Amino acid sequence: KGLLNKMNQLMYSRGPDDEGYFLESNFGMAMRRLSIIDLKYGSQPIYSKDKSKVLIFNGEIYNYVELRESLEKEGVSFRTNSDSEVIIELFEKHGYECLKYLNGMFAICIWDSKNKNIFLARDRLGIKPLFYYKDENIFIFSSSLNSLKIHPSVKIKINHRSLLSYFSSAYIHNPDTIYENIHKIKPGHSIIFRNNELIEKRYWKLNFHDNFNSKKFDYDEYIEKTKFLLNNSIKINSRSDVKVGTFLSGGLDSSYITKELSSISDKKISTFTAYFPSKKNDEREL
């Protein structure tokens, strides 16, 4: 547990409110928490009712209220008000297909102690990071590269192809990282690790439909649909048991989000504008 704790503490700044550990035989995992939903009872790891499955996750499930209500109608009972318990119960019901129901940003791990499986998943657009290292003896995963680097089994070596990618596009393409032998789980993908083998699955991809050719384009209809989707996204993204604020950059997008959030919230909304002395485009005057 000493090494696991050391790796976990490197993520303290991302999760200063709580920490949790799980150890079983030759498997262990840890998490740090930034408390947003169910401050009192939302600690992790969280277990299935028969204790055979254990979950930790980084992120937030925005539609957890609707998913919970649906599961409760089917007879599922809950011990907490957390979004993490919704994930584990959804996994109990739908297995690996549970991911298609989740609207959120997340890096998820579920340990199945009966089948000795590790299930890892990353949100559709890859908002939350999730890295892994594998050799013939060990499998290590983390949402932080710094945590992986300090493990004595991890061989650190710069990936020069990734370095060129970063210099050319300021981004390292999936599934590579700046280091050889450390990889990212791709957005919209999951992996199952069992018997020292990785099974990768793509659970989501963006489909483009040429609606302009299938029917006459209705400008007003698309405006209303976009407005509905945007406002619903603002509503469920702002669910929180702590204060919610917005960043105002001076642009239309942040201004609209702040205006809409203010109209649906019964609490005062704090707004923030940041600037950097070396930045050429200072937005304070906008």
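The preceding data block contains the structure.
Note on numbering: residues in each chain are counted from 1, in written sequence order. Totals for whole chains, interfaces and linings use every residue, but because this is a predicted model, local features are given only for residues with pLDDT of at least 70 and side-chain atom pairs only at 80 or more, for both listing and counting. Side-chain measures here rest on the full set of heavy atoms in the structure, leaving out hydrogens and waters.

1. Structural notes on the overall build of the protein
Counting secondary structure elements, the protein contains eight helices and 13 strands. For 286 residues, the compact-globule estimate of 2.2 N^0.38 gives 19 Å, and the C-alpha radius of gyration of the protein, at 21 Å, lies within 12% of that figure. Principal-axis analysis of the C-alpha atoms gives the protein an extent of 60 × 55 × 45 Å. Counted over contacts in the protein with a minimum sequence separation of 6, partners at least 24 positions apart contribute 51%. When the accessible surface of the protein is split by element, carbon and sulfur atoms take 53% of a total near 17500 Å². If you average the places of the 43 positive and of the 36 negative side-chain charges in the protein, the two averages end up 3 Å apart. By the criteria applied, helices consist of DSSP H or I runs no shorter than four residues and strands consist of E runs no shorter than two, each listed in order from the N terminus. Radius of gyration means the value over C-alpha atoms here, while the globule rule gives 2.2 Å times the residue count to the 0.38 power. By definition, residues are in contact when any of their heavy atoms lie within 4.5 Å. In these tables, accessible area is a Shrake-Rupley quantity obtained with a 1.4 Å probe, and a residue counts as shielded only by the protein chains included in the view. The convention is simple: Lys and Arg are positive, Asp and Glu are negative, and His and the chain ends are not counted. The location of each charge is read from NZ of Lys, CZ of Arg, CG of Asp or CD of Glu.

2. Digging into the sheet that holds strand β6 (residues 117-122)
As summarised here, the arrangement of the six strands in space is β3-β4-β5-β6-β10-β11, forming an open sheet in which the pairing is antiparallel. At either end of the open sheet lies a strand with only one pairing partner, and these are β3 (46-47) and β11 (197-202). Strand pairing is assigned whenever DSSP detects at least two bridges linking the two strands. Bridge count for β6 against strand β10 (residues 189-194) is four bridges, and the pairing is antiparallel. Among the inter-strand pairings, alanine 121 is bridged to a residue of β10, identified as serine 190. Contacts from helix α3 (residues 83-94) reach β3, β4 (53-61), β5 (104-112) and β6, with the element oriented near 125° to β4. All axes are obtained by fitting lines to C-alpha atoms, using only the stretch in contact for helices, and the reported angles, taken between N-to-C directions, cover 0 to 180 degrees.

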